[in-house]
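Take a look at the letters that make up each chain.
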Amino acid sequence: MPEVVRVERHGDVALIKVDNPPVNALGLALRAGLLAAFRATEADAAVRAVVLLCEGRTFMAGADIKEFGKPAQAPSLPELVEAIEAASKPSVAVIHGSALGGGLEVALACHYRIATTTAQVGLPEVKLGLLPGAGGTQRLPRLAGVAKALEMIVSGAPIGAAQAVEQGIVDELLDSDLADAGLAYARRLIAEGRGPRRTGERQAHLPDEDCAALIAAKHAEVQKRQPGLFSPLRCVAAVEAATRLPLAEGLKRERELFQECLASAQRAALIHSFFAEREAAKIAGLPADTPLREVRSAAVVGGGTMGVGIALCFANVGIPVKLLEIDGAALERALQRARAIYQASVERGSLSAEARDKRLGLLQGVLDDAALADVDLVIEAVFESLEVKRQVFARLDAVCKPGAILASNTSSLDLDQIAAFTQRPQDVVGLHFFSPANVMRLLEVVRGKATSAEVLASAMHLGKRLKKVAVAVGVCDGFVGNRMIFQYGRQAEFLLEEGASPAQVDKALRDFGMAMGPLAVRDLSGLDISHAIREGQRPRLKPGQTLPTVLDQLFAAGMLGQKSGVGFYRYQDGARAPQDNPALPAMLEQAAALRGIRRQPLSDEHIVERCLFALINEAAQILDEGIAQRASDIDLIFLNGYGFPSWRGGPLFYADSLGLEHVLQRIREFHQRFGAWWQPAPLLERLVAEGRRFADL
Ligand code: 3HC
Ligand code: NAI
């Protein structure tokens, strides 16, 4: 086994070096190595202080997530952390990169902490359905106070080194070599006669904090903002224990709460999506060392709903971006929207005025496509019309420099046809952002028939730079996400015709955990758009695939959703809160009569099964066709682009958790009752016959 911990002696200081690539995760070998190293320095009379640092790109990024769900092996992380804090010789953690989760807990157990200016510290366990289980919930409030600890532990968001110093989490910033700085700090401790300074011995809050009020407020906030999530409330409970109990008892309570989280199904689902995100970056047949085209500048064609949001994604990460519109008025409208979006962030307090100005400085409006001659990447976001796209891509082909990446944000057109409008189809790729593009994390990277490996790899890499979850998909109608959502939305409409109300359908799916109900989503995006998409699909329907007719009736009546004040719901006086549309029941009766059925009460369970199983069946078909690479990619698409509840792990993780045999059995029943749309996907049948799950693919 490679040596993951080395101890060097520098006079009377012991330097413990951790080397466990890629992120120095605290797996068994590292825990054992560290414990042995701290014990050895403790036993060595010549050692007067200890420095702990990590090799590679980061300090310890936490416990080894791969070990969760497997039998625990000693020494445990809490055991290691206790030994470090209890040591009689002062220890200094030298932090670079990220000290996260168990990594920060180790640092908090050290007696002093110094960090590089670019370092980050955080306790992100909540994002994995856990809570900090090695003393983080007990020690962080003792250093930073209860308010800050609650904020960091419940949000999971890391903070930068400068803020960590302000909060008392880090003692000082360093600007020299890690080892030199650590050794110098340790020698200072020795010279000044400063011994161990144990975090656990401090009071668990700041002098003026009203702990009970802070805990109650956070508890209420979590219940309101994160209903359905298991671990955030337990994070609050663990910090509450810190404010009330001596350290040893607080640690015991933290451990119990940690075990509850560890055993929860939500933990498994959230860890599934953590690894799914990392897996998605890997594309079969595309070597990790595929050369990348550098994107130092970008342009967006079309400053409408999507174009503006996409341009902001670039400015947000410091990439200069040009925005091309058809005339001065359209351009001014687009730039005005960009300014308004940033201004709203400034007013909310999430962006400084300085950052706003810097970002706006990176955004340049242009009217002449000759201005795109020197950019490394162009994203087209003009009207969804093949003819308009043809004109735009022919011009891009003429003006863009050789090697520029030409991308389309089309949501439904054939990317291969678009690529064929140029003489360089190998440089064309789909970059399918989701609305609002500056907010939604999902980016479907659409690989055309001709897209080169280099362009695909560069597009995936760009996705990460833009802080998106980039998922590679193939070309088909709607790609992955929209193709699945068509099935889901269609079932929602059928359910209305069979007897449910919009409010019941939406509530059943919100109760399942979806961020919004499908019919409220439709009203938000506009029923004219739903109608146009459906008319486009009509010629491609297979025998027996009938369509619900309620949408046609709403469209014919000019009920287009929020934009017209009425759709599936009524929005009175411009209010966003939906009320019943009084005209709808008669339309639904008529639709039911056309189908030759009688409307009758439906259960919420039936509603959820119809909508969810339609997603799952389509996903299986998409996988079989190779449009998505792996089941977890599909999960990511739904988690990051469609408001699927994070704690259910995505539609296919959910299907596996229900048992595919059960899912297939219900789909077969629906096939018998409701016909062609429910033809079971052959992949689902194969998986069930072989006793396998989506996760085994
Ligand atoms: N355990 C195991 N593997 C990990 C890991 C961890 N804690 N953190 C990252 N990795 C792996 C990734 O899976 C990936 O593997 P791959 O190359 O085989 O796909 C590799 O390390 C690199 O990760 P990223 O691609 O994410 O690298 P980045 O440089 O983009 O990000 C990072 C680095 C910020 C450290 C990010 O990896 C991260 O956020 N990691 C998770 C941190 C975390 O959640 N820590 C808490 C763990 S739970 C805990 O500590 C419980 C304790 O309280 C008891
Ligand atoms: P939009 O209608 O809001 O904006 C299109 C803009 O393109 C208009 O401002 C128009 O002036 C401009 N434009 C048209 N021709 C142009 C040209 N030749 N040169 C420069 N600018 C030109 O459209 P929206 O909604 O932003 O959609 C754009 C693209 O994004 C479409 O392909 C759409 O399918 C796709 N998309 C839309 C999503 C949405 O939710 N609206 C989601 C994902 C993709």
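Owing to the predicted nature of the structure, the values given are computational and were not obtained by experimental measurement.

Conventions used here
- Residues numbered from 1 in each chain as written.
- Chains lettered and ligands numbered in written order.
- Predicted model: local features only at pLDDT ≥ 70, side-chain atom pairs only at ≥ 80, totals over all residues.
- Heavy atoms only, no water.
- UniProt positions renumbered as here; feature names shortened; annotations may be inferred.
- Helix = DSSP H or I, 4+ residues; strand = E, 2+ residues; numbered from the N terminus.
- Near = heavy atom within 4 Å.
- Polar contact = N/O pair within 3.5 Å; in protein donor to acceptor, adjacent residues only side chain to side chain.
- Areas by Shrake-Rupley, 256 points an atom, 1.4 Å probe, with all protein chains shown as cover.
- Nonpolar A, V, L, I, M, F, W, Y, C, P; charged D, E, K, R; others polar.
- Core = buried A, V, L, I, M, F, W, Y, C linked by side-chain atoms within 4.5 Å.
- Buried < 20%, exposed > 50% of the residue type's maximum accessible area, 1.4 Å probe, protein only.
- Domains from an automatic or database assignment.
- Pairing = 2+ DSSP bridges.
- Axes fitted to C-alpha atoms, helices over the stretch in contact; angles between N-to-C directions.
- Patch = residues over 30% accessible without salt bridge, like charges linked within 9 Å, V, L, I, M, F, W, Y side chains within 5 Å.
- Salt bridge = Lys/Arg side-chain N within 4 Å of Asp/Glu carboxyl O.
- Contact = heavy atoms within 4.5 Å.
- Phe/Tyr/Trp six-rings, centres within 6.5 Å; stacked < 30°, edge-to-face > 60°.
- Lys NZ or Arg CZ within 6 Å of the ring centre and 35° of its normal.
- Right-handed = clockwise from strand over helix to strand, strands pointing away.

What follows is about the UniProt feature "domain: 3-hydroxyacyl-CoA dehydrogenase NAD binding" (unreviewed entry) in the protein. Using the residue numbers shown here, the UniProt feature "domain: 3-hydroxyacyl-CoA dehydrogenase NAD binding" (unreviewed entry) corresponds to residues 298-474. With 42% helix and 20% strand, the stretch residues 298-474 has end C-alpha atoms that lie 24 Å from each other.

Taken together, 21 residues lie near ligand 2, and M306, E325, E384, K389 and S411 sit nearest. The separation between an oxygen atom of ligand 2 and a polar main-chain atom of T305 is 3.0 Å. E384 has a polar side-chain atom sitting 2.5 Å from an oxygen atom of ligand 2. Within the complex, the protein chains bury 76% of what would otherwise be the 830 Å² of accessible surface of ligand 2. Broken down by secondary-structure element, the contributors of at least two residues to the shell around ligand 2 are α12 (305-316), α15 (386-399) and β15 (428-433). Per-class residue counts for the shell around ligand 2 are nine nonpolar, nine polar and three charged.

Across soluble globular proteins, nonpolar side chains have a tendency to be buried as a group. Among the nonpolar cores identified, the biggest contains 96 residues, and L612 and F694 are the most heavily contacted of them. Tallying contributions element by element places helix α24 (residues 604-624) first for this core, with twelve residues. When residues are assigned to domains, this core turns out to be shared by domain 2 (298-473) and domain 3 (481-696), each giving three or more. Counting residues in hydrophobic clusters, the runner-up holds 67 residues, among them C54, C110, A149 and L257.

On to the sheet that holds strand β11 (residues 321-324), then. Strand order in the open sheet made by the eight strands is β12-β11-β10-β13-β14-β15-β16-β17, with mixed pairing throughout. Whereas interior strands pair on both sides, the edge strands pair on one side only; in this sheet they are β12 (363-366) and β17 (469-473). For this sheet, the mean angle separating the axes of adjacent strands, direction not counted, is 25°. Sheet analysis places strand β14 (residues 405-408) next to β15, joined by three bridges and oriented parallel. Bridging across to β15, S408 finds its partner in G430.

Together, M516, V521 and L524 line one region of the surface with nonpolar side chains, adding up to about 230 Å² of accessible area. Turning to its location among the elements, M516 is positioned in the loop between α19 (502-512) and α20 (518-525). Since its relative accessible area comes to 35%, M516 is described here as partly exposed.

Okay, α20 next. Buried residues of α20: P518, L519, A520, R522 and D523, and no others. The inward-facing, buried residues of α20 contact α18 (481-498), α19, α21 (527-537) and β18 (569-570). G526 occupies a position one or two residues after α20 and carries a positive phi of about 105°.

Inspection of the entire model under this criterion finds nine aromatic pairs. Note on F68 and F258: the rings are 6.3 Å apart at their centroids and 65° apart in plane angle, and the pair reads as edge-to-face. Taken together, the residues F68 in the loop between β3 (49-54) and α2 (77-86) and F258 in helix α10 (residues 247-262) connect sequence positions 190 residues apart. Judged by its relative accessible area of 7%, F258 falls in the buried class. A ring pair is formed by F512 and F644, whose centres lie 5.7 Å apart and whose planes are at 75°; its orientation type is edge-to-face. Taken together, the residues span a long stretch of sequence, with F512 in helix α19 and F644 in the loop between α25 (631-641) and α26 (651-658) at a distance of 132 residues. Of the aromatic side chains, those joined through ring pairs into one cluster are F434, F638 and Y642. Over the aromatic face of F274 sits the side chain of R278, whose NZ or CZ is 3.8 Å from the ring centroid. When the ring centre of F512 is taken as origin, the NZ or CZ atom of R648, which lies over that ring, is 4.0 Å away.

Our focus in this paragraph is the pairing of strand β13 (residues 377-380). Of the two faces of β13, both are covered, the one formed by L377 and I379 as well as the one formed by V378 and E380. As paired strands, β13 and β14 are joined by four bridges and run parallel to one another. By the bridge assignment, I379 is partnered in β14 with A407. Between β13 and its parallel partner β14, the chain crosses via α15, and the hand of that crossover is right-handed.

Inspection of the entire model under this criterion finds 54 salt bridges. A salt bridge links D171 to R197, with the shortest nitrogen-to-oxygen separation between them at 2.9 Å. Note that D171 is positioned in the loop between α6 (161-166) and β9 (172-174) and R197 in the loop between α7 (178-191) and α8 (211-225), a separation of 26 residues in sequence. The exposure class assigned to D171 is partly exposed, which follows from its relative accessible area of 26%. The class for R197 is partly exposed, based on a relative accessible area of 25%. A salt bridge links R441 to E277, with the nearest nitrogen and oxygen atoms 3.4 Å apart. Of this pair, R441 sits in the loop between β15 and β16 (442-446) while E277 sits in helix α11 (residues 265-280), placing them 164 residues apart in sequence. Judged by its relative accessible area of 38%, R441 is partly exposed. Salt bridges linked by common partners bring E493, R522, R534, E535, R538 and D552 together as one network.

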